[in-house]
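Below, each chain spelled out in residue letters.
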Amino acid sequence: MAPAAAVGVTLLPMASLRWFHRAIPLALLLLLLLYLCAWSFRAVSGCRAGTQSCFPEGTPPVQVPLQSGPLEVPEWEEPQCVGPQGVLGRVMGPFHASLNPEGDVALSQYLAGWKALVRFLIPLGSIFAFATSEAFAKVTALEARVHGPEAAHYSSLAAMVAWERREGLLERPGIAPPDTAISSGSRILLLLHRALRWSQFCLHRVATGTLGGPDAGVQCSDAYRTALGPHHPWLVRQAARLAFLAFPDRDRWLELACPGAGKAEARAALVRVAGTLEDVYNRTQGLLAERGLLQLA
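If you're wondering where the values come from, they're calculated on a predicted model, not measured in any experiment.

(A) Representation of the confidence of the model for the chain within the structure. Across the chain, the average pLDDT comes to 76, with 70% of residues at or above 70. Mean pLDDT across the elements of the chain bottoms out in helix H1 (residues 3-47) (43) and peaks in helix H5 (residues 157-166) (97). Confidence drops under pLDDT 50 across residues 1-17; counting only partners more than four residues distant or on other chains, this segment forms 2 contacts. Across residues 25-76 the pLDDT falls below 50, and counting only partners more than four positions away or on other chains, this stretch makes 9 contacts in the model.

Following this line, the structure appears as structure tokens:
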């Protein structure tokens, strides 16, 4: 045999052997793909309507029994304190009613809400005795206008401001009359507006304070520094700081707010009241800001 032919005969088995080794993995891969396709077809055909169930044989799936009739939801009874005759309900009712559909604030209802708020705060201690006496004096002064000879011009915040501006009754910013009784109604309302913000902050923080966190006195003192302190002279701020040291604790607040209710219910009721006060504050703030009266006092 020629040398070239011998080399060819030798290379042929070697090439076949290499091809065989490479073909084995390809064949296994092809068999695996065929198996997967067959298994997928069996699973899909078994799930079609009219054929066997897709669940494997053995333990049947858990069945949830259907209930007949509507689901019964336990009713939540709101505490009596937020009802129309409740301690907090008498505060929320008139304040909520003061937000008339026209986007204004009805003054008679606003003042009725303030009087109910004063009655609620008086039993809470000396700091409120001072604050509520100041607030009551302002409520009385503004009420005299709402029910006075010019009552037609004091039906709402917007009507009052428009009339007092037209009549030249608005004070210049930074100039305080010697007596609240001779102040413009707009200035009196601004002072009540700031006090309402403090009351709202205080109620909300007492209601949402965490166990082991700052007590009610600390939280309401902080609310005072935020809402009223910047508008008070140094001497008044120091007196308020001392008064907050004798502030009632949170349990006393909850007891007065919702007599006979649990702490969770009383907290929820205080949150609702604080939300109503915030709604009134936000609308009043917007109306006063639009008319450039936030610096009137």
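(B) Structural context of the packing of helix H3 (residues 107-121) against helix H6 (residues 185-208). Running from amino to carboxyl end, H3 crosses H6 at an angle of 45°, the nearest separation of the two axes being 12 Å. The orientation of H3 with respect to H6, classified from their angle, is oblique. Every pair of crossing elements has a handedness; the one defined by H3 and H6 is left-handed. Contact residues: H3 offers Leu107, Tyr110, Leu111, Trp114, Leu117, Phe120 and Leu121, while H6 offers Leu189, Leu192, His193, Ala195, Leu196, Ser199 and Leu203. Across the contact of H3 with H6, the residue classes break down as 12 nonpolar, 2 polar and no charged.

(C) Highlighting the nonpolar core. The biggest cluster of nonpolar side chains holds 64 residues, and the ones touching the most others in it are Tyr110, Trp114, Phe120 and Trp253. Sorting the residues of this core by element identifies helix H2 (89-97), H3, helix H4 (126-146), H5, H6, helix H7 (216-227), helix H9 (250-257) and helix H10 (263-290) as the ones contributing at least two each. When residues of this core are assigned to their parent elements, the largest contribution, 12 residues, is made by H6.

Cut-offs and rules
- Residues numbered from 1 in each chain as written.
- Predicted model: local features only at pLDDT ≥ 70, side-chain atom pairs only at ≥ 80, totals over all residues.
- Heavy atoms only, no water.
- pLDDT = per-residue confidence, 0-100.
- Helix = DSSP H or I, 4+ residues; strand = E, 2+ residues; numbered from the N terminus.
- Contact = heavy atoms within 4.5 Å.
- Axes fitted to C-alpha atoms, helices over the stretch in contact; angles between N-to-C directions.
- Parallel < 35°, antiparallel > 145°, perpendicular 65-115°, else oblique.
- Left-handed = near helix turned anticlockwise from the far one by under 90°.
- Nonpolar A, V, L, I, M, F, W, Y, C, P; charged D, E, K, R; others polar.
- Core = buried A, V, L, I, M, F, W, Y, C linked by side-chain atoms within 4.5 Å.
- Buried < 20%, exposed > 50% of the residue type's maximum accessible area, 1.4 Å probe, protein only.

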